[in-house]
Amino acid sequence: MVARRRKRAARDPEDCIPSPPGYAAIPIKFSEKQQASHYLYVRAHGVRQGTKSTWPQKRTLFVLNVPPYCTEESLSRLLSSCGLVQSVELQEKPDLAESPKESRSKFFHPKPVPGFQVAYVVFQKPSGVSAALALKGPLLVSTESHPVKSGIHKWISDYADSVPDPEALRVEVDTFMEAYDQKIAEEEAKAKEEEGVPDEEGWVKVTRRGRRPVLPRTEAASLRVLERERRKRARKELLNFYAWQHRESKMEHLAQLRKKFEEDKQRIELLRAQRKFRPY
Amino acid sequence: MGPAPTGEQLCGAIGEPEVMEPALEGTGKEGKKASSRKRTLAEPPAKGLLQPVKLSRAELYKEPTNEELNHLRETEILFHSSLLRLQVEELLKEVRLSEKKKDRIDAFLREVNQRVVRVPSVPETELTDQAWLPAGVRVPLHQVPYAVKGCFRFLPPAQVTVVGSYLLGTCIRPDINVDVALTMPREILQDKDGLNQRYFRKRALYLAHLAHHLAQDPLFGSVCFSYTNGCHLKPSLLLRPRGKDERLVTVRLHPCPPPDFFRPCRLLPTKNNVRSAWYRGQSPAGDGSPEPPTPHYNTWVLQDTALESHLQLLSTMLGSAQGLKDGVALLKVWLRQRELDKGQGGFTGFLVSMLVVFLVSTHKIHTTMSGYQVLRSVLQFLATTDLTVNGISLCLSSDPSLPALADFHQAFSVVFLDSSGRLNLCADVTASTYHQVQYEARLSMTLLDSRADDGFQLLLMTPKPMIRAFDHVLHLHPLSRLQAACHRLKLWPELQDNGGDYVSAALGPLTTLLEQGLGTRLKLLAHSRPPVPEWGISQDPPKHKDSGSLTLGLLLRPEGLTSVLELGPEADQPEAAKFRQFWGFRSELRRFQDGAIREAVVWEAASMSQKRLIPHQVVTHLLALHTDIPETCVHYVGGPLDALIQGLKQTSSTGEEALAVAVCCYDDLSRLLWGLEGLPLTVSAVQGAHPVLRYTEVFPPTPVRPASSFYEPLQERSSLLPRLDKPCPAYVEPMTVVCHLEGSGQWPQDAEAVQRVRAAFQLRLAELLTQQHGLQCRATATHTDVLKDGFVFRIRVAYQREPQILKEVQSPEGMISLRDTPASLHLERDTRQLPLLTSALHGLQQQHPAFSGVARLAKRWVRAQLLGEDFTDESLDLVAAALFLHPEPFTPPSSPQVGFLRFLYLVSTFDWKNNPLIVNLNNELTVEEQVEIRSGFLAARTQLPVMVIVTPQDRKHSVWTQDGPSAQILQQLVVLAAEALPMLEKQLMDPRGPGDIRTVFRPPLDIYDVLIRLSPRHIPRHRQAVDSPAASFCRGLLSQPGPSSLMPVLGYDPPQLYLMQLREAFGDLALFFYDQHGGEVIGVLWKPTSFQPQPFKASSTKGRMVMSRGGELVMVPNVEAILEDFAVLGEGLVQTVEARSERWTV
């Protein structure tokens, strides 16, 4: 089976590699040594009328099925033969919007382990996209001039990277907290300013901070109030006072027993079916 | 299409319809075929899942009929609950004989009767002249000594009567035995036949002749001999019908003397009927000292005379009362599950029936009682009455000629007299057997009274084989050794009484000896009863030594196991000599701290595991000293499984001590944290949250002393890094400690900001610990790693309100409500529930010292089966805890071995679909709450995970099993456990030694589609493997503390990193299995669904390729490239990737 498949794989490059409509397939391998290759499915990025996308039309190449060992740098290098690459972004899922540019803190949002990803490659010129679509491959992720680390090499360097620098962390925390404190201070100042001042329609906003704080508007608080009400009502009620109440509670008891009996019967039925009553 | 069936086990698992998830589609056709048989057996027609009951209002509230009210009232009075009533009814239906079968048996009995009376007679000959016997049959009796007076002739029986439980209707399946008494004609017997086994010889010859003739009859499928209740002087003839009924019934023929033939006064327990002169060829000392009494011999003769009167008594008492019969049947099932009724000297069904008769006659049981009530009353009676001290009697007459109960107590250990007042029904029952019955009855009574659990299931449906019920067992293997022991113990009168059966003769003294020696360490000692053999009529009867081995079970008292000292009397006391005599050379004079000089025995034991095995030392010492049984004949099974949780090169300890050292270090650290000065907020709680801190880490951590030459130092961050040119360094897992800080208005109310403040605290903590205590620390945003005495702790600062902040959701109206989010649940689990669980299990370990061993063995086994990553640590710990908190019908295990066996039993039998596993930590859940949990479980079943474990802290969600296992993986574990349990039990019960105990720990590898073999060089825990490698790599550790105080490499385990990458990249296509304890192979199983060709979709191209198939473009996994990816991703770690491509097709 495998042998047959291999033969076909060897023949494939000459024929046209099957690719889904609208996409071009580019074989990609880790290095020379591998025999079989994965296929990148690429097409020019385009969206239907009316949908918004932050990726520049025409200049963006949409790449599917990027193997886990392929980084943004290597993808950029591999496609640079088609034209100058402006940016490469790897994502887990196709996403129309560019991710926020400001880099997320590496201390608080560690990089996830990569799987197969999709990429948006933005070329400087639209010609890059068409050149990429015509690319024959196979692309090699790791070459002698640009080795990509994998396995033990990668894990050891990852480990070295993961040893944190406390100073950098401290600086980051301090800057964040300063900004946060400032934001809070502003909000508070604004709230204080607005307190007791009616808006255009004459409504006054009541907050928890004023001289007479009100109940917080939380679910828990409202549930507490309801519960208190219910208890108050229950205290007033008479139990088993009238004859009909008596009758009803008896009936209720009987109904409970019946329900229990039904449940038990079902349980027994199940156990019987499983042959659970055979003590040997 | 799709992968071919993946091995029998797993395809069984996949083909089975499951509850939680639709079974994986596309299982191969063969797979369905293989599992279809199983499904019809195991799966109920209605999907196997309980549904919440829905009754319409009209049905619930309709007027009750009289009948219904009666039924309900009866249930309330006569049974515990309606469920119990239904269960009992079902059970009785199952064990009772159907009318159809009864008719067939009756027909067979009539045939037997006709044939027996037609057996031809033979002329009279001397007893010793047995030449007349045909060649094909041997006398079913050991005729030692051979010479005996008397004549024998065969005449057809004067009367053939069916006796025993068959007529009463209390015989239960599966072994249906019909006892038939053949009354021998008076002409065969002579006066004084009661003497010197003459009666027994004639009885045996009678059977031999009968057997010869019946064996030629085509009616019978098998004709063979056996012993009546194991008594080897009294053979009986077993007849089974030919054809399909062969297994239906066994008819046992017992010859018996004509009524009133023996004079009862000759057979009292004080009388002698086996003369020493005849038996030993010499008179006892010649000087007129009296012959020793032969109580057992006399009883065996008496038993034959009383067969019919017993039947009459039973049928008059039980005949008309269905409840009593039901009760007897239930009691028989109860005994059977405890293996008490089988073998020589067992507590048989007949004894129980007589006991019921006794209780009826003393008005403790009324004839209108239900079966359940009879069961309860009898158990209550057994639990509270010690028949070894206060015997009972069915005899009502006050005839002065009858012997007193005291006489019987002298001759027998257990006394229960029949209505004649002369026959002890419990003559063969040993004191240990009775104590075991009593103990079981007491346990069962507490279980019935507790009301919490499903008593029926635990009491009557759960088998209690010896190996699973007792902490340690020991086999005495060549039984012939006991013969010498009998001589050593001077048991000649007993041998004479028992007709040379040295096993039964030695049993009593042996158990007494061991009970005395084990003293406070022992809760209960039980012995297996020699099985009753069956043999063909042309063979000689089996010898005593052929009955296999004698197995003793020890139930240990955990509090007694901690002491290594046996304290004797003071040296000048008269008891001291006795003590010295008992313990022999092990007894020494010792001076104690209070100044007393006493005799004492000290056993060598340094660690917990060795202390647990002190009983082994005691037993071998005492047996060698007092009974001449050498150590080679005592096969003690107490700790063969310990080897699997022993650390590297530590064969003396199973790691409890090492864990205690780590816990101690943690205690020190928590004190340091409490006393830390200069933190803006004070520490409000320090809680452990790591398996080590609850004693359940399989391999306890050892202090790390890194050799600096082995690592790359990173001086500016004072850390060590692994080096490329060296093997992977030792694996150090930091132990998580949660450190709560006090609440304060200063905490921000925003999740992101709380994170930053926590990070600031982590930094500050590291600084302060370094400044004030000189500890090596490393802070990150989420935790601070601290190196203390070679142990690494990972301190996580927690703020109590943080989960709440994460939960807050503001509705459009401005109402703030709390909704669980994944992040909040995760945080709550890590900072609240995990510490609570850890402290609860830590407490459990203090209560039950064996908990650690059991939990670790269980975890080890699950991981060794490559399933460890699907089950969280906590879930397995809780299952192990359940064995201690809910041990019924057993008692909490005191040794890892028995605990592990029960773990396997629990896993293989628990019905996860319809039941939550309730682990009542600290006994916080009341009975009512448990009932509520169960009903809530049924209603919410479909939203709950496959495996539901409920604790007092976690009543609804089962947090530890939320993320797995999947139904298939759980099923796989169940299948593996069900296979491992009988295998392991067989190994442990083998008297010649257990053999290779690691067999059940080796995983089956033939079920996987791809095997990825790893290079040992980069497996840091390589030495922990089940089959520990003879040589492995140096892991850069020093045996002495080195100068380096840099932070060692933490949590660096290449196989785990590799697996993480594999799962992320190929998790949609395959499952990966690995044993984290030094596994050298990763098993890969393709997911059947992912191999089905799919239409192209941009979101699911991962690792697939487009192919044109039948003119259509479809996507299939790019298997060849993926296989090469396996090697690429694990470069350096992966040795080979073995694809078993014959197992799948794309």
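What counts, and where the lines are drawn
Residues numbered from 1 in each chain as written. Chains lettered and ligands numbered in written order. Predicted model: local features only at pLDDT ≥ 70, side-chain atom pairs only at ≥ 80, totals over all residues. Heavy atoms only, no water. UniProt positions renumbered as here; feature names shortened; annotations may be inferred. Helix = DSSP H or I, 4+ residues; strand = E, 2+ residues; numbered from the N terminus. Buried < 20%, exposed > 50% of the residue type's maximum accessible area, 1.4 Å probe, protein only. Contact = heavy atoms within 4.5 Å. Areas by Shrake-Rupley, 256 points an atom, 1.4 Å probe, with all protein chains shown as cover. Buried area = accessible area lost by both parts, 1.4 Å probe. Salt bridge = Lys/Arg side-chain N within 4 Å of Asp/Glu carboxyl O. Polar contact = N/O pair within 3.5 Å; in protein donor to acceptor, adjacent residues only side chain to side chain. Nonpolar A, V, L, I, M, F, W, Y, C, P; charged D, E, K, R; others polar. Expected span 1.5 Å × (residues − 1). Pairing = 2+ DSSP bridges. Axes fitted to C-alpha atoms, helices over the stretch in contact; angles between N-to-C directions. Core = buried A, V, L, I, M, F, W, Y, C linked by side-chain atoms within 4.5 Å. pLDDT = per-residue confidence, 0-100. Domains from an automatic or database assignment. Patch = residues over 30% accessible without salt bridge, like charges linked within 9 Å, V, L, I, M, F, W, Y side chains within 5 Å. Lys, Arg positive; Asp, Glu negative; His and termini not counted. Charge placed at Lys NZ, Arg CZ, Asp CG, Glu CD. Phe/Tyr/Trp six-rings, centres within 6.5 Å; stacked < 30°, edge-to-face > 60°. Lys NZ or Arg CZ within 6 Å of the ring centre and 35° of its normal. Parallel < 35°, antiparallel > 145°, perpendicular 65-115°, else oblique.

Per an unreviewed UniProt entry, chain B is named Nucleolar protein 6, and its organism is Macaca mulatta. Under the UniProt heading Sequence similarities (unreviewed entry), the note attached to chain B is "Belongs to the NRAP family."

Labelled according to an unreviewed UniProt entry, chain A appears under the name Ribosomal RNA-processing protein 7 homolog A, originating from Macaca mulatta.

So, the overall build of chain A
Secondary structure summary: chain A contains seven helices and six strands in total. Relative to its 280 residues, chain A shows a buried fraction of 32%. When contacts within chain A are restricted to residue pairs at least 6 apart in sequence, long-range pairs at least 24 apart make up 66% of them. Total accessible area on chain A is roughly 18,900 Å²; 54% of this is exposed by carbon and sulfur atoms.

Comments concerning the interface of chain A and chain B
Contacts between the two partners involve 80 residues from chain A and, on the opposite side, 110 residues from chain B. Per-residue buried area on chain A facing chain B is highest for A:Trp155, A:Tyr159 and A:Arg258; these three make up 9% of the total on that side. There are three salt bridges connecting chain A and chain B. One salt bridge connects A:Arg258 with B:Glu68, and the closest N-O pair in it is separated by 2.8 Å. Our enumeration of links across chain A and chain B arrives at 18 residue pairs in polar contact (both at pLDDT 80 or more). Among the elements of the structure, helix H1 (2–11), strand S2 (38–44), strand S3 (60–66), helix H4 (151–162), helix H5 (166–194), helix H6 (219–236) and helix H7 (243–273) of chain A are those that each provide at least two residues to the side of chain A that touches chain B. Here the side of chain A that touches chain B is built from residues that sort into 41 nonpolar, 16 polar and 23 charged.

Digging into H5(A)
An ideal rise of 1.5 Å per residue puts 42 Å on 29 residues; H5(A) measures up with 42 Å between its terminal C-alpha atoms. Of all the residues in H5(A), the buried ones are A:Leu169, A:Val173, A:Met177 and A:Tyr180. Each element contacted by the buried residues of H5(A) is listed here: helix H26 (751–773) of chain B. One or two residues past the end of H5(A) sits A:Gly196, with phi positive at roughly 75°.

Some words on the sheet that holds strand S29 (residues 1010–1014) of chain B
Residue and element names in this part refer to chain B. Reading across from one edge, S30-S31-S29-S34 is the order of the four strands in this open sheet, with antiparallel pairing throughout. Because the sheet does not close on itself, it has two edges, and the strands there are strand S30 (1070–1074) and strand S34 (1134–1139). Strand-to-strand twist of the sheet, defined as the mean angle between neighbouring strand axes without regard to direction, takes the value 20°. One ladder, built from four bridges, connects S29 with strand S31 (residues 1081–1086); its direction is antiparallel. Bridging from a neighbouring strand, Arg1013 pairs with Val1081 of S31. Helix H34 (residues 1054–1066) contacts S29, S30, S31 and S34 of the sheet and is inclined by roughly 170° relative to S30. The strands touched by helix H35 (residues 1119–1129) are S29, S30, S31 and S34; relative to S34, the strand with the most contacts, the crossing angle is about 155°.

Topic: the nonpolar core
For soluble globular proteins, the rule of thumb is that nonpolar side chains tend to be buried together. Residue and element names in this part refer to chain B. In terms of nonpolar packing, the biggest core is built from 125 residues, with Leu210, Leu237, Leu253, Val356 and Phe416 touching the most fellow members. Examining the composition of this core, we find that 10 residues originate from one element, helix H8 (residues 198–215), more than from any other. Sequence-distant contacts of Leu210, that is, excluding residues within four places in its chain, are made with Val116, Val119, Phe154, Leu182, Leu237 and Leu253. Formed by 80 residues, the second largest nonpolar core is a distinct cluster that contains Ala689, Leu917, Ala967 and Leu988.

Some points on the confidence of the model for chain B
Residues and elements named next belong to chain B. On average, residues of chain B score 84 in pLDDT, and 94% of them reach the 70 mark or higher. Mean pLDDT values over the elements of chain B span from 38, in helix H2 (residues 29–42), up to 94, in strand S28 (residues 949–950). Counting interchain partners and residues more than four positions distant, the pLDDT-below-50 stretch residues 1–46 has 83 contacts. With pTM at 0.90, the complex prediction returns an ipTM value of 0.86.

Quick look at the domain arrangement of chain A
Residues and elements named next belong to chain A. By the assigned domains, chain A splits into domain 1 (22–95 + 105–159), domain 2 (163–195) and domain 3 (239–279). Taken residue by residue, the interface counts four residues in domain 1 and seven residues in domain 2. Buried area between domain 1 and domain 2, summed over both chains or domains, comes out near 430 Å², and the portion from carbon and sulfur atoms is 69%. Of all residues in domain 1, the largest losses of buried area upon contact with domain 2 belong to Phe107, Phe108 and Tyr159, amounting jointly to 89% of the total for that side.

Quick notes on a positive patch on the surface
Together, A:Arg224, A:Arg228, A:Lys232, A:Arg235 and A:Lys236 make up a region of like positive charge exposed at the surface. By secondary structure assignment, the location of A:Lys232 is in helix H6.

A word on the domain arrangement of chain B
All names here are of chain B. When the domains of chain B are assigned, the result is domain 1 (94–261), domain 2 (320–464), domain 3 (468–532 + 541–564 + 603–638), domain 4 (867–1002) and domain 5 (1007–1139). If you look at the interface, domain 2 gives 15 residues, while domain 3 gives 18 residues. For domain 2, the biggest contributors to the area lost against domain 3 are Gln344, Ser432 and Tyr439; these three give 46% of the whole. Our count for the domain 2 to domain 3 interface comes out at zero salt bridges.

Points about the pairing of strand S1 (residues 24–29) of chain A
Residue and element names in this part refer to chain A. Most of S1 sits inside the fold, with six of its six residues counted as buried. Every second residue of S1 is oriented toward a common face, with Ala24, Ile26 and Ile28 on one face and Ala25, Pro27 and Lys29 on the other, all of them buried. In this sheet, S2 lies alongside S1 in antiparallel orientation, the contact comprising five bridges. Each residue of the ladder has a partner; that of Ile28, found in S2, is His38. One ladder, built from two bridges, connects S1 with strand S6 (residues 139–140); its direction is parallel. In the sheet register, Lys29 faces S6, and the bridge partner there is Leu140.

Points about the packing of aromatic side chains
Within the structure shown, the criterion is met by 39 aromatic pairs over all chains. Here A:Tyr41 and B:Phe1096 contribute two aromatic rings whose centre-to-centre distance is 6.5 Å and whose plane-to-plane angle is 75°, an arrangement assigned as edge-to-face. With A:Tyr41 in strand S2 and B:Phe1096 in the loop between S31 and strand S32 (1104–1109), this residue pair bridges two chains. On the accessibility criterion, B:Phe1096 (26% relative accessible area) is partly exposed. Through a chain of ring-to-ring contacts, the aromatic side chains of A:Phe116, B:Phe1066, B:Phe1072, B:Trp1086, B:Phe1091 and B:Phe1126 assemble into a single cluster. Geometry around A:Phe108 places B:Arg756 over its ring, the cationic atom sitting 4.0 Å from the centre.

Let's talk about helix H29 (residues 851–864) of chain B
Residue and element names in this part refer to chain B. For H29, built from 14 residues, the straight-helix expectation of 20 Å at 1.5 Å per residue is met to within 8% by its first-to-last C-alpha distance of 20 Å. Of all the 14 residues making up H29, 14 are buried; the element is thus mostly covered by neighbouring parts of the structure. Once H29 ends, the next one or two residues include Leu866, with phi positive near 65°.

Here we look at a negative patch on the surface
Together, A:Glu193, A:Glu194, A:Asp199, A:Glu200 and A:Glu201 give the surface a local cluster of negative charge. Of note, A:Glu193 is situated in helix H5.

Quick notes on the UniProt feature "domain: Nrap protein" (unreviewed entry) in chain B
Residue and element names in this part refer to chain B. Using the residue numbers shown here, the UniProt feature "domain: Nrap protein" (unreviewed entry) corresponds to residues 178–317, 324–462, 468–627, 642–846, 848–1003 and 1005–1137. Between the end C-alpha atoms of residues 468–627 the distance is 28 Å, and the span holds 38% helix and 23% strand. What you have in residues 848–1003 is 49% helix and 3% strand, and the ends, taken at the C-alpha atoms, are 30 Å apart.

Points about the side chain of B:Gln987
Residues and elements named next belong to chain B. Along the chain, Gln987 falls in helix H33 (residues 967–989). Given a relative accessible area of 15%, Gln987 falls into the buried group. Excluding anything up to four places from it in sequence, Gln987 contacts Gly993, Pro994, Asp996, Ile997 and Thr999.

A look at the packing of H4(A) against H34(B)
Contact geometry for H4(A) and H34(B): axes closest at 11 Å, N-to-C directions at 100°. Here H4(A) lies roughly perpendicular to H34(B), going by the angle between them. Here A:Ile152, A:Lys154 and A:Trp155 of H4(A) come into contact with H34(B), specifically with B:Pro1054, B:Leu1057, B:Tyr1058 and B:Gln1061.

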